[in-house]
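As a plain string of letters, each chain reads:
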Amino acid sequence: MTDYLLNAFAAITASFLLTYISIPAIVRISNEKHLFDEPNSRKLNKTAVPTLGGVSIFIGISLGATLFLGSLRFLELRYIFAALIMLFFIGLKDDILVISARKKLMVQMAAAAILVGLGNVQITSLSNLFFLNQMSIWMSIPLSFMLLLFIINAMNLIDGIDGLASGIAVLVSGVLGSWFFVSGHIQYALLSFAIAGSLLAFLRFNLWGGDNKIFMGDTGSLILGGLLGVLIIQFLNFNVAAPTLIKMQNAPAFVLALLIVPVTDTLRVFTIRIYQKRSPFSPDMNHIHHLLIRSGLKHIQASSFLVLYTAFFASFALATSPYLSSTLSFILVLGMSFGAIAILKKRADKIKYKRDQQIKLTRKILSTGIPLQEDPFRFLEAKKKIYQN
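One structure accompanies this document, and this report is about it.

Basis of the calculations
- Residues numbered from 1 in each chain as written.
- Predicted model: local features only at pLDDT ≥ 70, side-chain atom pairs only at ≥ 80, totals over all residues.
- Heavy atoms only, no water.
- Phe/Tyr/Trp six-rings, centres within 6.5 Å; stacked < 30°, edge-to-face > 60°.
- Helix = DSSP H or I, 4+ residues; strand = E, 2+ residues; numbered from the N terminus.
- Buried < 20%, exposed > 50% of the residue type's maximum accessible area, 1.4 Å probe, protein only.
- Lys NZ or Arg CZ within 6 Å of the ring centre and 35° of its normal.
- Axes fitted to C-alpha atoms, helices over the stretch in contact; angles between N-to-C directions.
- Parallel < 35°, antiparallel > 145°, perpendicular 65-115°, else oblique.
- Left-handed = near helix turned anticlockwise from the far one by under 90°.
- Contact = heavy atoms within 4.5 Å.
- Salt bridge = Lys/Arg side-chain N within 4 Å of Asp/Glu carboxyl O.

**Examining the packing of aromatic side chains**
And then number 1: Per the stated rule, a full pass over the model turns up 17 aromatic pairs.
And then number 2: Both rings, one in Phe16 and one in Tyr20, keep their centres 5.7 Å apart while their planes meet at 25°; by these two values the pair is stacked. Separated by 4 residues within a single helix, Phe16 and Tyr20 lie in helix α1 (residues 2-33), roughly one turn from each other.
And then number 3: With a relative accessible area of 29%, Phe16 lands in the partly exposed category.
And then number 4: When the centroid spacing of 5.9 Å and the interplanar angle of 75° are considered together, the rings of Phe130 and Phe330 count as edge-to-face. Placement of the pair is Phe130 in the loop between β3 (125-129) and β4 (132-134) and Phe330 in helix α13 (residues 326-366), with a sequence separation of 200 residues.
And then number 5: Using a relative accessible area of 43% as the deciding quantity, one classes Phe130 as partly exposed.
And then number 6: Cluster of aromatic residues (ring-pair linked, three or more members): Phe74, Trp179, Phe180, Tyr188, Phe235, Phe238 and Phe254.
And then number 7: Positioned over the ring face of Phe205 is Arg204, at 4.9 Å from the centre of the ring.

Okay, here's the thing in structure tokens:
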């Protein structure tokens, strides 16, 4: 076990250092080649920022996870990295050239098919969630495929403010990596720790980078989605036969709690877009992090809140697992999250309305004659009151 501890320490240290060292070089190349995320009305960044942080993340994870396996057998790793390479290049192309959501989805489907069909990354049991235990291959394959696609896109969707996707991924990979290590699945523990180490280095430049500030871009978020999907599915599988002392009684609810922000956000924005008769993949500013920013929080405050939000739900799922069934725990976690988001939206709308009223009053006093700019976030009641005045 001591040797494995050294391997884990080496994996997280190597991934951290490789990412940390490579980011300044990638920023310099991005500046020279003008590879930026340009500000626009839909984005929250006010200056042009390089978007190729996913390249450094991929370097850190791939080398950190493979260099210190030693004599450990990790046959699935070849298929995991085959899928990651596909996600890496389609994300890189989108960061540089911008491609359609349809093309991205096709590559994501191919990557998920490799993981499920060749890598056997398949859910074998749902621990009595909705009365489903052992699953037949005819149910396992499509469910695993759809879950991977969902997580890949969910992580991509929440990557809208500094530190959010990476912060949640550090929490998830750290928790699952620790569980894999204690349960004896050292290969997946090393992969998890390599993810955490690489992202910790990335966070340094994403949050406090100064001239070397960088975004992970689609390259990074797609990679993270694929990796977290693999870790989640394997955790569900390994947990079934885990020793009683470390076995999670309501593993699906615990997994949901770890991914509560991307899951809630994706279901919410997809529902809004479909209701508005738009494509589920069409961009907008209805995400949870947009609500927090509109409430007056800075990027790092909003990201920290949502990481703590995730930790709270994970702790809640863990603490209540002896008292609730898997199905009830799953429904309760999801319902509580949607309720919390509804409260956040109401608060954001109220703050936005007060701010608009103050701006209107200030302009009226100053008699500048400048028309109040139309705001896409103004809800109908606020509009009506302003026009009536």
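Back to the write-up after that little detour.
**Here's the deal with the packing of helix α4 (residues 101-118) against helix α5 (residues 137-158)**
And then number 1: In contact at an axis separation of 9 Å, α4 and α5 are set at 135° when each is read in the N-to-C sense. Here α4 lies oblique to α5, going by the angle between them. Of the two possible hands of crossing, α4 and α5 adopt the one that is right-handed. Contacts between α4 and α5 involve Lys104, Leu105, Gln108, Met109, Ala112, Ala113, Leu115 and Val116 from the former and Ile141, Ser144, Phe145, Leu148, Leu149, Ile152, Asn153 and Asn156 from the latter.

**Describing the pattern of salt bridges**
Side-chain pairing between opposite charges can occur once the charged atoms of the two side chains come close.
And then number 1: If you walk through the whole model with that rule in mind, you get 8 salt bridges.
And then number 2: Note that Lys104 and Asp218 form a salt bridge whose closest N and O atoms lie 2.6 Å from each other. Of this pair, Lys104 sits in helix α4 while Asp218 sits in helix α8 (residues 217-240), placing them 114 residues apart in sequence.
And then number 3: On the basis of relative accessible area, Asp218 is assigned to the buried category, the value being 14%.
And then number 4: The closest approach of N and O atoms between Asp284 and Arg278, which form a salt bridge, is 3.0 Å.
And then number 5: For Asp284, a relative accessible area of 10% gives the class buried.
And then number 6: Each of Asp94, Lys104 and Asp218 takes part in one network of salt bridges that share partners.

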